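# Geometric and topological summary
Chain by chain, the residues:
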Amino acid sequence: MKHQAMLKLAVLALGSCHDALSIPMATSSSMTLLASSLLPSITNAVSITNAVPANDATTCLNDGTCSDTRPEINNNNTQYASLIAGIDPVPLEDLFGLFSATTKKIHRHMERLMVRRAFPDALDYTTSKFGNYSDGTPAGTQQWIGDVGNNNKLNPSFANFGTVLDLSAANKGTFVNSLQWMASLLHRRSYVLSTTDHEKPWEEPLSPCRTDLLDDYDTSDEYSEEDDSSVCLIGAEMTNFVSVRLDEKVTKGAVVKATKLNIVDYGEFIDGDASNWLELLRNKELLNGRTFDTIIVDGVLDADDDDHALPMHMMDLVLEEIVKLLKPGGQLFVVGQGPDDGLYDGEDGMAYTSISSTLDAIKSLDGIVPKKNLPASWVHRTLSKLNLNIFDSTNMYPNYDYERFESKINEALAWIEESELMPSETKEHFQSLVHSLSEQAEEATYDGPVYAGGNEYIIAAELSAEGAEPQTTVPYPVDYTAKEQYWPDRQPKVEEMVTSPLMPGEIMKLTWANGDDYDGLSYRVGVERKLRKAIVDYLKKLGLWDIIHETMYDNPLQEDSTRFHRLPSPYDPSRTMTWGIKRPANYDGTASDMHWFDAGCEFAMEDSYRALADAGFDDVVASIGKFMNYTEMNVFSLGILAVTKADKGYVHQDFEGSTGRAFNFLYKLQSPEGYDTPELTIIEEDYLGSRRRGQIKYEEDFGVLNGDMAMHATNECDYRRDRGIRISASIFMAEVNDASKKVIAEHDTWYFPFGNNDWILAQKGRHWHKDGSRSMLNDEGRAPLAVEDQVPECAERVGPNKEKCFVHTDERQKCWKTCGAFIDDADYRPGLSRKTVYGY
């Protein structure tokens, strides 16, 4: 490569920046860290083995490490080597602003056109699935489409512009953004592929849009030059490009810009050295007979009043020469500005109209007859006469910010300054007028861009491939219509789920009544009915059962608050332990009085393990371990959930990323009599956010086992007229590995075991092994554990009577040893059976 920079290597692996949508910008420090972490893998990717090619441009290993294998274009940029030798690429954090810097909807419109042409049947196929599941059975949710049309982020399907000829006129059309846009296309695939892991510097890196573009939309109904802020990255890319400019100065500027954008090695820059575009295009030696997959004509047809500019009536000849450069089946995109007639009298845009009229007057006084831009209809008709198939013809109406006004102002001032015919007194008069209009422009755009009467157009046409049937041509230009957001169905009808009876130890994956599997890891597990009575009896002896009933009606907690109780063990009343009550906040519009009752220290955990062992929970653990083909398992906690009224439950998942090794077992302890409503809502969500909802009514002979991605919520209920309470057990269990340890520790760091990884690891496999050597009934306890306070001076911080150990404070969360949250090994005696240690 002719311009190797370490930053470039990092960018090629990371991909480009964010599209003309709103993508959160990364901080400088996070980007530097990311670049440094990726550089070794980028270097190693030079010699790739067992690699799976993602496309012609990018090669990726199974771990997501990618390298750019796109061939460099055979270009003549060596003549600019001295020009770019001392240029540093744009800092990485700024380069990642490419997508947000490319703010033109006109660019995004072109990308949509390419995707629709590459996947012409995608949207029709998706909509054919509305109201039907994969097996064709009518569904409860009309919008449910599963993953139909979803773009695989690890191997995305992109539309490719191929080799692009870029004909851009300086200070015309969308010239200021054309190179940024092409850079975003060149880097787009590698950007997507480099953000597939979970360790990202952005909270929500963009995913590629679906091939049916249902997740792509404009953020406002009005065409605007502001950031589009779409929710996905359109799957469009290009292979390489040739950029042609009229003169050397503009060409060099483009080379410098491309160098900073890290795309100079994938483009050839040609100085046309011509006075106008017709002269340039008739120079057959310039492109040596090459033809192109895509040609982008940006501002070439816009009016220019310079001495050597081409008369507007000859622009059809320019288009004739351009069409000759298209490959059969190639696409031509003509972008330009419509005529500015100076007739718009809207209040906000009057300043722009006045500036334009003043500029025309200045030119006229200097002996120039001002030219007017050609309308989209003229361009449309001309391309039709050249036998192109026009597949899109769109007028857009942009809002102008002050910079757009300022460009007209500066042009007017330049004409005044350079005029040789205008008297000095007249010059002063016009200068004063223009400065006054500048002040009006500042005032008009003070609150943001305004519509000032202008329009832009894009005409997209195709040269038919040899032997191809003529395509339907769009008859005339139409006004741009904002792409509306697809709104997913968040309140679906309730569907039936399979609830056939289960024998104790039998396990069945949750299944929809029409036969579809539930997407998350969720199962019904058959149990002995005696399990419920045994757990309830323990809670009554503990005193917690009465506390639950008293709390829910007579002494409820405020939202997002906590209370603690010291309770004696039913097995040995001389031993006391801490149990906590938590009422969570109502999230995401939920409304519920649910309270959680959880063990608040290690001794409470150990006591509850004994209760579960006496209840026969060993049979449940063993059936799950065998069904999941685990080697070993352990129970982590017994918690209690209580609710009297829920208008809307909180949809959530307990685990994600545990590799299917962490679960929450939900089991009925009490349902109020006289109510036949289900207790549990089951949610499945497709890639667009549409939901599918089922319900489960708890019974004593089964529990629900929820693991990774199992979305659920408490079902709507109201038992308050009869002072009823729904009470359920929530029992966490896992086969501990690095992934499950992490998600368990992060599940709730404010409550016991406070995210203590060492404690979690010490429980590993203590309650079941596939060889039958371990069980809850013959529990030998956890592994040795050294516990220390996590903050200094805990003895002073917790108070003279350790009062802060029994309220929801930092001290309770971090003063582990001082507060006695964990049992000291001298008392715990690891390696001995719990019966030996506790006597029960």
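A quick note: this is a predicted structure, and the numbers were derived from the prediction, not measured.

## Focus on the pattern of salt bridges
- As enumerated under the stated definition, the model contains 45 salt bridges in all.
- When the shortest N-O distance is used, the salt bridge between Asp360 and Lys372 registers 3.1 Å. With Asp360 in helix H12 (residues 350-365) and Lys372 in the loop between H12 and helix H13 (376-385), the pair connects residues that are 12 residues apart, well separated along the chain.
- Taking relative accessible area as the criterion, Asp360 reaches 22% and is therefore assigned partly exposed.
- By relative accessible area, Lys372 is classed as partly exposed at 36%.
- For Asp572, the salt bridge goes to Arg575, with nearest N and O atoms at 3.4 Å.
- Within this structure, Arg108, Arg112, Asp216 and Asp218 form a network of salt bridges that share partners.

## As for the packing of H12 against helix H15 (residues 424-444)
- Packing of H12 against H15 brings their axes to within 9 Å, and their N-to-C directions diverge by 160°. For the element pair H12 / H15, the angle class is roughly antiparallel. Classified by chirality, the crossing of H15 by H12 is left-handed. Of the residues in H15, those in contact with Ala351, Ser354, Ile355, Thr358, Ala361, Ile362 and Leu365 of H12 are Thr426, Phe430, Leu433, Val434, Leu437, Gln440 and Ala441.

## Considering the packing of aromatic side chains
- The tally for this structure, following the rule as stated, stands at 22 aromatic pairs.
- Between the aromatic rings of Tyr352 and Phe405, the centroid separation amounts to 5.2 Å while the plane-to-plane angle is 80°, which identifies the pairing as edge-to-face. Of this pair, Tyr352 sits in helix H12 while Phe405 sits in helix H14 (residues 402-418), and the two are 53 residues apart along the sequence. Phe405 shares its class with Tyr352; the two are buried.
- An aromatic cluster is present here, built from Phe636, Phe752, Phe754, Trp759, Trp816 and Phe822 joined pairwise through their rings.

## Digging into H12
- For H12, spanning 16 residues, the distance from its first C-alpha to its last is 22 Å, which sits close to the expected 22 Å at 1.5 Å a residue.
- Within the span of H12, buried status applies to Ala351, Tyr352, Thr353, Ile355, Ser356, Thr358, Leu359, Ile362 and Lys363.
- Looking at the buried residues of H12, the elements they touch are strand S12 (399-400), H14 and H15.
- Positioned one or two residues after H12, Gly367 has a phi angle of 85°, which is positive.

## Points about helix H9 (residues 248-260)
- Over its 13 residues, H9 extends 19 Å from the first C-alpha to the last, a length consistent with the 18 Å expected when each residue adds 1.5 Å.
- Every buried residue of H9 is listed here: Val250, Thr251, Ala254, Val255, Ala258 and Thr259.
- Between a side-chain oxygen at the N-terminus of H9 and the backbone nitrogen of Lys249 the separation is 3.2 Å; the capping residue is Asp247.
- Where H9 terminates, the next one or two residues include Asn262, which has phi positive at roughly 60°.

## Thoughts on the nonpolar core
- Ranked by size, the top nonpolar core spans 79 residues in total, and within it Leu544, Phe617, Phe665 and Leu669 carry the most contacts.
- A per-element tally of this core places helix H18 (residues 602-614) first, with seven residues.
- Met114, Leu185, Cys209 and Ala460 belong to the second largest nonpolar core, which has 41 residues in total.

Cut-offs applied
Residues numbered from 1 in each chain as written. Predicted model: local features only at pLDDT ≥ 70, side-chain atom pairs only at ≥ 80, totals over all residues. Heavy atoms only, no water. Salt bridge = Lys/Arg side-chain N within 4 Å of Asp/Glu carboxyl O. Helix = DSSP H or I, 4+ residues; strand = E, 2+ residues; numbered from the N terminus. Buried < 20%, exposed > 50% of the residue type's maximum accessible area, 1.4 Å probe, protein only. Axes fitted to C-alpha atoms, helices over the stretch in contact; angles between N-to-C directions. Parallel < 35°, antiparallel > 145°, perpendicular 65-115°, else oblique. Left-handed = near helix turned anticlockwise from the far one by under 90°. Contact = heavy atoms within 4.5 Å. Phe/Tyr/Trp six-rings, centres within 6.5 Å; stacked < 30°, edge-to-face > 60°. Expected span 1.5 Å × (residues − 1). Polar contact = N/O pair within 3.5 Å; in protein donor to acceptor, adjacent residues only side chain to side chain. Core = buried A, V, L, I, M, F, W, Y, C linked by side-chain atoms within 4.5 Å.

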